[in-house]
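Commentary on secondary and tertiary structure
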Amino acid sequence: MQNDQIHILLADDDDDDCSLFKDAFEEIKIKTMVEVVNDGVELMDYLDRKDIILPHVLFLDLNMPRKNGLDCLKEIKGMDHLKNMAVVIYSTSASEEDIEETFVKGANVYIKKPSDFGALKKILKEVITINWQYHTSGLNRDNFLLSF
Amino acid sequence: MKLYFKYDIHAACKKIVEEQLNAMKLEYALIGFGEVELQEDISQDLLHQLNTGLKNYGIEIVENSKRILVQKIKDTIVEMVYLEEKLPTTKISAYLAEKLNHSYGYIANLFSDVTYTSIENFIILQKIERAKQLITTSELNFSEIAWRLNYSSVAHFSTQFKNATGITPTAFQRIINKRRNAAGDE
Amino acid sequence: MNIKTIFTSSFFLRSIFATSLFILLFITGITFKHMIALADSAELLVHSYKVHIELDQLNAVIRDAESGQRGYIITKDSSFLLPYTNGPDKINESFSKLTSLIVANTQQQLHLDSLRNLVVMRFQYLAKTLEKDASKESDKYAVLNGMREGRDIMNLIRIQINKMVKIEITSVNALNKKYKNEISFTPLFTLLILLFSLLVFIFSYIKISKDYEILKRSNDKLLISTESITHAEEIGNFSSWQWDMESNKFIYSDNQYRLLGCEPQSFEAGIEGFLEYVHPMDKHIITEGREQVMNENKYPAAFFRIIRKDGELRYFKSLSKLLTDAQGKKILIGINSDVTEEHLINISLEERNRELEQSNKELASFNHVASHDLQEPLRKIQTFISRISENEISTISKKGMEYFIRIQSAAERMRILIDDLLLFSRTNKAEKIFEKTDLNNLLENAKQELVQVIEDKKAIIQSDVLPILAVISFQIQQLFINLIGNSLKYNKPGIAPFIKIECERINDKERSMFKTDMNRQYYKITFTDNGLGFEQGYAESIFILFNRLHQTNVYPGTGIGLAICKKIVENHAGHIRAEGNPGVGAVFTVFLPA
C-alpha cells in the first residue's frame, strides 16, 4: 500500500506501556518508525524542533508529569503546522463523558489501553490503516473520529 | 462569522489538473475522473515537474499500472458513494465489475494485494465517511441518511457506524456540534 | 355602591334617623292638631247646646212670665206674678250669657238683637196687659187683644228662637261633619305612619344591634392582638423600635431592654445607650448602618454581636423599614432579633459541611487511586500474561498454561469489579447537568451498546414511547443498559429474551410508595422480562451493593449493577422497585419526576 514509512510518536511516562507499544508495532506488518517522549514538556519541545520529520500520528497519554495530555492537546490544536497530525489519546479508561470531552477538544482517536496484547496490536493496526486512508484518499480529516 | 463548506472534490481536482497543465502549456484531453490523455508524450523531467506541482494539492500522478487500476477502483467507489441522490441499488460487486470492465474477483484480489485492506472495508469506510459528511453538512436526519446509503434500516446504519468508528451517530453529531460551538466562542 | 353598602353607610343611618324624627314630630303635630280640633269640636258642641239651652230657658222664663201674668189675671193672686217679676232679671242674665256665647257669630248677634227687641216688646205687652187688666176701664177685648198681641209676639219669639237654634244646630252639624271627615282620615293616616315608623325602628334596632356585635367582636380581637403583640416580642425573642428621623427620638419596646438583659426602659432609648451593649468589634456595623440610612436611603439587614448585661454573648439581626406617616414625617421602624440559636446551628452546619467536603475530597482521591493506580498494575499483569501465553506457548507446560488461564480469568474478574466500582463512585449528582433529553434516544443508545448480546440471544425488545425529561443523560442511559442487560443476562436458558418497556403516569396509590412531591408529575417506566425471575423476598436486597443471587461461575457479575441503578434513580429524586416471580420473570419499575 505505501512504501513510505509512517512516523509515530508516543508520549507516555510508563516504561512498561512504552515497551509494549514498541513491541506491538514491531509485530504489525506495516513500516513504521516509532519515537517516544516521556512527559508533556518533552513532547511540546519535540514538536517544536525543526530538524525532525513531523509524526503522522501522535499517541498521547493523558496522565503525564510536568504537563498532562489534555493541556498538550489544547496547545497542539492551536498550532497550524500540526494540522495534519492525527492525535490518538492512548490512556487508561475514563467515563464516557470524559472521552467525549477529549474528542470535543480535538482528539481524533481514543484508545482505552487494552489488557490483551493481541487486542493492542489489532487496535494499533486499525488506527494506522484508517489514518493512512485519510492521508491518501482526500477524506475530511475533521471527521476522523474513532473510539476503542 | 462562520462559513460551512461542501467540497466537490472531483470538480476541484479536475480544475487544479487543468490549471497545472495549462500553466505548462501541455495539450491534453480530460478523459473520465483521474485520467488525462496528453497529445504528446512528455519527458521525465516535465513529468516530474508536473507531479511536483500537483503534489502541493495532494494530487499525485500514479505510475504503476496496478496502482492505476486500484486508484480507479477507489475513485469509482468514491464516485458511487458520493452520488448526489442515492447509492445504486444494484449489488456493488456487479456495479464495480461493470464499471471497470473486470471480474469482481480480480478487482477484489488486486485491491487487497496493493492496499492491504479488503475492498469491502474500503467501501464501508467510504460509506461511513459520506455519512459523516451528510451528518455535519446537511439537515438530513439519520433515517434519510441510512436510506441514501442503502442501509436496510436506521438500526443497521447505527450498528455499522458504531462498529466502524466506536461511537454512535448521535454521539458523533453531538461532538461535532460541540466543537463548532467551542470554535465559535473563541 | 351596591345595596349592602348603601344600607350600611352611616350617612344612610343618620338620614333614616332624621327622617324618623321628622315623621314622629309630624305625627305628633298632626295628632296634636286633631286633638285640638276634637276639643274645639266638643267645645263647639257644648257651646251650641249651651246656646240652645239658654234660648230654651229664655223661652221658659218668658212663658213662665206669661203664665204668671195669665194666672194673675185669672186669679189676681200676686204670687203668680213672681215669675213675671223675676223674669226680666233672668232674661237679662240669659241675654248677657247669650251675648257672650254668640259673640263670634254676627248673624246670631243680629238675631239676638231682634229677639231682645221682641222679648222687650213681649214684656211691654205683658205689662201693658196687666195694666189694662188692673185698670177698671179696660174691657174684655182690650185684655184679649193684649193677650193676642202677646201671643203673636210669643210666636215671633218662638220662631226667632227656633231660627237661632236651627242656625246653631246647622253650624254644629256642619262643623261636626267637617271634623268628622278629618278625624276619620286621621286614624288611618296615623296608623300607616305608625307602622312605617315601627318598621324603621325595627330595622334600626337590628342594624344597631348587629353593628354592636361586630364592634364588640372587633374590640375583642383588638384586645387579643394588642395582648399578643406585647407577648409576641417576648415569645419570639425580638424587639421593636422606632426612630423619628427628624427629631432623632427613639422609642424602644420593653423587650428591647430585656434582650439586652436590662429592666424595661432602664436607660434612655437611643444609639448611644444601645451601643453600650454592642460587641466592641461590631460597633462600626451599627454606626455604618445608621450612616447608610441617613445618607443613602438604604436599609440593609445588619448582623452584629451583643454582650448582655450579664456578660453573655448573643447574636442579633436587625431589620428596618422606612415609613412616612400622613404628615410626611419619616419614621424608621425596625426589629432586632436574637438569632443566637440559629447562628450557632449555622456554625455547626458549616462545620459539618466542611467535614463532609473533606471526606468527599478523600473519597475523590480514593477514586483516583482506584481508577488509575489500581487499574494500571492490573492491566499490566493481564497484558504481560497474555504476552507470555501467546509467545511462550511452546515452552510452557500444559499445567502451566492452565494456571495462566486461571490467572487471566481471575484478573479479568478483578478488572470488571474495579470498573464497576469506578462507575458506582462516579454516579454522583455533583456538578452534573440535568438537561431535557428524549428518553427514547437514550433507550436506542442503550440497545446499541448491547446490540451484540441482543443479536446473539435473538432478544426482542418492545417499548412504548418514552417522554422527554430533564435528566443526566449518561446516567439514565446507564440505567437502561443495566436493566436491559440484566434481563438479557438472566434469561431462561434456551428461550429468547422478550423485554417489554412500558410508560405511564404515576397514580395516587403509587405515590404513597415513596416520598413524592405532590406538585410534580411522575412517570412510571416498567421493564418486564420473561427471564428466570427471583424470589419476591429478595426484592429489596438485590439493590444492595455487592448482593448477588447467583454464583459467579454460573452467572458472572459484580453485584454492583442494580446498586448503580438505585443510585441513579435517587440522583433524579425518583424511585425503583423490583418484583420477581421465579420461573416466570421479573418486573423493574422506575419512577422519574417530570
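Predicted model, so just to flag it, every value in this text is computed and none were measured.

Here's the deal with the overall build of chain A
Scanning chain A for helices and strands turns up five helices and six strands. In chain A, buried positions account for 57% of the 148 residues. Considering only residue pairs separated by 6 or more positions, chain A has 68% of its internal contacts joining residues 24 or more positions apart. Roughly 6,100 Å² of accessible area belongs to chain A as shown, and the carbon and sulfur atoms make up 45% of that amount.

What to know about helix α4 (residues 92-100) of chain B
Residue and element names in this part refer to chain B. Those residues of α4 lying buried are Tyr95, Leu96 and Leu100. Buried residues of α4, viewed axially, fall in a sector of 105 degrees; they line one side. At its buried positions, α4 is contacted by α3 (65-81), α5 (104-115) and α6 (119-137). At the exit of α4 stands Asn101, carrying a positive phi of roughly 65 degrees.

Concerning the interface of chain A and chain B
Taken together, the contact between chain A and chain B spans 22 residues of the former and 27 residues of the latter. Between chain A and chain B, a total of about 2,000 Å² is buried, with carbon and sulfur atoms accounting for 51% of that surface. The interface formed by chain A and chain B holds two salt bridges in total. Residues Lys178 of chain B and Glu100 of chain A are paired through a salt bridge, measuring 3.9 Å at the closest nitrogen-oxygen approach. At the surface where chain A touches chain B, the tally comes to eight residue pairs in polar contact (both at pLDDT 80 or more). Secondary-structure elements contributing two or more residues to the side of chain A that touches chain B are α4 (96-104), α5 (117-136) and β6 (146-147) of chain A. Per element, the largest residue contribution to the side of chain A that touches chain B is six residues, and it comes from α5 of chain A. In terms of residue class, the side of chain A that touches chain B is built from ten nonpolar, nine polar and three charged.

As for the sheet that holds strand β12 (residues 585-593) of chain C
Residues and elements named next belong to chain C. Taken together, five strands build an open sheet; the order of strands is β7-β9-β10-β12-β11 and the sheet is mixed. At either margin of the open sheet sits one strand with a lone partner, and together these are β7 (460-463) and β11 (575-581). Recorded for the sheet is a direction-independent mean angle of 15 degrees between the axes of neighbouring strands. Pairing between strand β10 (residues 522-529) and β12: eight bridges, direction antiparallel. Each residue of the ladder has a partner; that of Asp529, found in β12, is Ala586. Its contacts with the sheet put helix α11 (residues 439-449) on β7, β9 (498-505), β10 and β12, and the angle it makes with β7 is roughly 175 degrees.

Notes on the pairing of β12 of chain C
Residues and elements named next belong to chain C. In terms of burial, β12 is largely enclosed, as eight of its nine residues are buried. Pairing of β11 with β12, which is carried by seven bridges, proceeds in the antiparallel orientation. Bridge pairing in β12 places Gly580 opposite Ala586.

Notes on the sheet that holds strand β5 (residues 109-112) of chain A
Residue and element names in this part refer to chain A. Spatial strand order, β2-β1-β3-β4-β5-β6: six strands in an open sheet with parallel pairing. Two strands in the sheet have a free side with no partner beyond their single neighbour: β2 (32-37) and β6. Here strand β1 (residues 6-11) pairs with β2 via six bridges, running parallel. Paired with Ile6 across the bridge in β2 is Thr32.

Here's the deal with the packing of aromatic side chains
Under the definition given, this model contains 26 aromatic pairs over all chains. Measuring from ring centre to ring centre gives 6.1 Å for Phe25 of chain A and Phe59 of chain A, while their planes differ by 75 degrees; the resulting arrangement is edge-to-face. Here the residue Phe25 of chain A occupies a position in helix α1 (residues 15-27), and Phe59 of chain A occupies one in strand β3 (residues 57-60), the gap between them amounting to 34 residues. By relative accessible area, Phe59 of chain A is classed as buried at 0%. Seen in terms of ring centroids, Phe543 of chain C and Phe588 of chain C are 6.3 Å apart; in terms of plane orientation they differ by 85 degrees. Their pairing is edge-to-face. Note that Phe543 of chain C is positioned in the loop between β10 and α15 (561-571) and Phe588 of chain C in strand β12, a separation of 45 residues in sequence. The class for Phe543 of chain C is buried, based on a relative accessible area of 7%. Taken together, the ring pairs connect Trp243, Phe250, Tyr252, Tyr257, Phe267, Phe274, Tyr277, Phe304 and Phe316 of chain C into an aromatic cluster. Lying over the aromatic face of Tyr151 of chain B, Lys127 of chain B brings its terminal NZ or CZ to 4.4 Å of the ring centre. A cation sits over an aromatic face here: Arg387 of chain C above Phe117 of chain A, 3.7 Å from the ring centre.

Quick word on unusual backbone geometry
All names here are of chain C. Its identity is not glycine, yet Lys76 carries a phi of approximately 60 degrees, on the positive side. Within the secondary structure, Lys76 is located in the loop between α2 (10-75) and α3 (82-101). On the basis of relative accessibility, which here comes to 44%, the residue Lys76 falls in the partly exposed class. Look at Asn248: it is not a glycine, yet its phi comes out positive at around 55 degrees. As for its placement among the helices and strands, Asn248 is situated in the loop between β1 (238-244) and β2 (249-252).

Details of α5 of chain B
Residues and elements named next belong to chain B. Here α5 contains twelve residues, and its C-alpha end-to-end distance of 16 Å stays within 8% of the 16 Å for a straight helix at 1.5 Å per residue. Regarding α5, the residues found buried are Ile107, Ala108, Leu110, Phe111, Val114 and Thr115. Buried residues of α5 fall within an arc of 165 degrees about the axis and therefore sit on the same side. Close packing links the buried residues of α5 with α3, α4 and α6.

Some details on empty space enclosed by the protein
One simple way to see leftover space: roll a probe sized like a water molecule over the atoms. Residue and element names in this part refer to chain C. Under the counting rule described, the total for this entry stands at one cavity of 30 Å³ or more. In this structure, the largest cavity spans a volume of roughly 30 Å³. Lining the largest cavity we find Phe26, Ile27, Ile30, Thr31, Phe189, Thr190 and Ile193. Broken down by secondary-structure element, the contributors of at least two residues to the lining of the largest cavity are α2 and α5 (140-236). Of the residues forming the lining of the largest cavity, the biggest block, four residues, is contributed by α2. Among the residues forming the lining of the largest cavity, the class breakdown is five nonpolar, two polar and no charged.

Regarding the packing of α3 of chain B against α5 of chain B
Residue and element names in this part refer to chain B. Where α3 contacts α5, the axes come no closer than 10 Å and their chain directions differ by 110 degrees. Between α3 and α5, the angle falls in the class roughly perpendicular. Contacts between α3 and α5 involve Lys66, Leu69, Val70, Ile73 and Lys74 from the former and Tyr106, Ile107, Leu110, Phe111, Val114 and Thr115 from the latter. Broken down by class, the residue content of the contact of α3 with α5 amounts to eight nonpolar, one polar and two charged.

Concerning the confidence of the model for chain C
Looking at chain C, pLDDT values average 84 and 97% of them are 70 or higher. For this predicted complex, the interface score ipTM comes out at 0.85, while the overall pTM is 0.57.

What counts and how
- Residue numbers here run from 1 along each chain, matching the order of that chain's written sequence.
- Following the order in which they are written, the chains are lettered starting with A and the ligands numbered starting with 1.
- Thresholds applied to this predicted model are a pLDDT of at least 70 for local features of residues and 80 or more for the giving and counting of side-chain atom pairs; totals over whole chains, interfaces and linings are not thresholded and use all residues.
- Side-chain numbers come from the whole structure's heavy atoms, not from hydrogens or water.
- A run of DSSP states H or I qualifies as a helix once it reaches four residues; a run of E qualifies as a strand once it reaches two. Both are numbered from the N-terminal end.
- Burial classes: relative accessible area under 20% of the type maximum marks a residue as buried, over 50% as exposed, and values in between as partly exposed (1.4 Å probe, protein chains only).
- Whether two residues are in contact is decided by their heavy atoms: any pair within 4.5 Å suffices.
- Residue burial considers only the protein chains on display, and all accessible areas are found by Shrake-Rupley using a 1.4 Å probe.
- Our arc is simply the arc of the directions from the helix axis toward the C-beta atoms.
- Note on terms: buried area is the combined drop in 1.4 Å-probe accessible area of two parts once they are placed together, counting the loss on both.
- We count a salt bridge whenever a side-chain nitrogen from Lys or Arg sits within 4 Å of a carboxyl oxygen from Asp or Glu.
- The term polar contact refers here to a pair of N or O atoms within 3.5 Å; inside protein, the definition further demands a hydrogen-donor-capable atom paired with an acceptor-capable atom, and it admits residues adjacent in sequence only when both atoms are side-chain atoms.
- Residues are sorted three ways: Asp, Glu, Lys and Arg are charged, Ala, Val, Leu, Ile, Met, Phe, Trp, Tyr, Cys and Pro are nonpolar, and all the rest, Gly among them, are polar.
- Pairing between strands is defined by DSSP: at least two bridges between the two strands are required.
- Axis definition: a line fitted to C-alpha atoms, limited for helices to the stretch in contact. Angles are taken between N-to-C directions and run from 0 to 180 degrees.
- The rule is short: rings of Phe, Tyr and Trp, with Trp giving its six-membered ring, pair when the centres are within 6.5 Å, and they are stacked under 30 degrees, edge-to-face over 60, tilted in between.
- Think of it as a cone above the ring: NZ of Lys or CZ of Arg counts as a charge over the ring if it is within 6 Å of the ring centre and within 35 degrees of the ring normal.
- Working rule for helices: expected span equals 1.5 Å times residues minus one.
- Cavity: a set of points on a 1 Å grid over the protein atoms alone where a 1.4 Å probe fits but cannot get out. Pocket: an open set with protein on both sides within 12 Å along at least five of seven lines, its lining residues, like those of a cavity, having an atom within 4 Å of a point.
- Grid points are joined across faces, edges and corners, and a volume is the space filled by probe spheres set on the points.
- Angle categories are assigned with fixed cut-offs, so that under 35 degrees is roughly parallel, over 145 is roughly antiparallel, 65 to 115 is roughly perpendicular, and the rest are oblique.
- A residue's pLDDT is the predictor's confidence in that residue, given on a scale from 0 to 100.

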